[in-house]
Amino acid sequence: MMQQHLTRLEQANLIAGHAVSYATAFLDDRHSVQQLADNADRLFLDLMVIEDPETTSFLIPVKLLVITMMRTARVVRDVSRWPSHEDRWHAVMAALVELVMQQSRQLNKDRR
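Residues numbered from 1 in each chain as written. Predicted model: local features only at pLDDT ≥ 70, side-chain atom pairs only at ≥ 80, totals over all residues. Heavy atoms only, no water.

Along the protein, the regular secondary structure elements total four helices and zero strands. Counting only C-alpha atoms, the protein reaches 50 × 25 × 25 Å along its principal axes. Counting every position in the protein, which comprises 112 residues, the buried fraction comes to 34%. For the protein, the share of sequence-separated contacts (at least 6 apart) that also reach a separation of at least 24 residues comes to 73%. Split by element, the accessible area of the protein, about 7,100 Å² in all, is 55% carbon and sulfur. With 13 positive and 14 negative side-chain charges, the protein shows a spacing of 2 Å between the two charge centroids. (Helix = DSSP H or I, 4+ residues; strand = E, 2+ residues; numbered from the N terminus. Buried < 20%, exposed > 50% of the residue type's maximum accessible area, 1.4 Å probe, protein only. Contact = heavy atoms within 4.5 Å. Areas by Shrake-Rupley, 256 points an atom, 1.4 Å probe, with all protein chains shown as cover. Lys, Arg positive; Asp, Glu negative; His and termini not counted. Charge placed at Lys NZ, Arg CZ, Asp CG, Glu CD.)

Here you go:
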């Protein structure tokens, strides 16, 4: 079997897709707050490994999304203390999902 090697930018785009998928699953109530936290932690580590000069600017919105996922998980756990904050973080996460998807589509167009 021939092994395909992805470029750093392709790997970054794959991580972006995972971030969108995990965030959307949480926003659609398909994932629990614990799954959101676990996925965000794993993605954060992936981002640290993949970042280089070629991927830095592409990854900024992805990093913001992952950090928002982490923060949302924390706020949801503390919802008894901050009930109004959960909706705000959900809105921020949804906006960042849109931004990452738009950026990913543009990257795919640029590579054709």
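Don't stop here, the text continues.
For the rest of this paragraph, the subject is the side chain of Asn13. Inspection of the secondary structure assignment puts Asn13 in helix H1 (residues 8-27). Look past the residues within four positions of Asn13 in its chain and what remains in contact with it is Phe58, Ser104, Leu107, Asn108 and Arg111.

Relative placement of two packed helices is described by the angle separating their axes and the distance separating the axes. Running from amino to carboxyl end, H1 crosses helix H3 (residues 56-77) at an angle of 30°, the nearest separation of the two axes being 10 Å. The orientation of H1 with respect to H3, classified from their angle, is roughly parallel. Our pair here, H1 against H3, has a crossing hand that is left-handed. Contact residues: Leu9, Ala12, Asn13, Ile15, Ala16, Ala19, Val20, Tyr22, Ala23 and Phe26 in H1; Phe58, Leu59, Val62, Leu65, Val66, Met69, Thr72 and Val76 in H3. (Axes fitted to C-alpha atoms, helices over the stretch in contact; angles between N-to-C directions. Parallel < 35°, antiparallel > 145°, perpendicular 65-115°, else oblique. Left-handed = near helix turned anticlockwise from the far one by under 90°.)

Bringing the nonpolar core into the picture now. Side chains that are nonpolar tend, in soluble globular proteins, to be buried together. Counting 27 residues, the largest nonpolar core has Leu47, Phe58, Leu59, Val62, Leu65, Met69 and Met93 as its most contacted members. Sorting the residues of this core by element identifies H1, helix H2 (33-50), H3 and helix H4 (85-110) as the ones contributing at least two each. What Leu59 contacts, discounting residues up to four positions off in sequence, is Ala12, Leu47, Ile50 and Glu51. (Core = buried A, V, L, I, M, F, W, Y, C linked by side-chain atoms within 4.5 Å.)

Moving on, we get to H1. Here H1 is 20 residues long and its end C-alpha atoms lie 28 Å apart, about the 28 Å a rise of 1.5 Å per residue gives. For H1, every residue scored as buried is listed here: Leu9, Ala12, Asn13, Ile15, Ala16, Ala19, Val20, Ala23, Ala25 and Phe26. One or two residues past the end of H1 sits Asp29, with phi positive at roughly 65°. (Expected span 1.5 Å × (residues − 1).)

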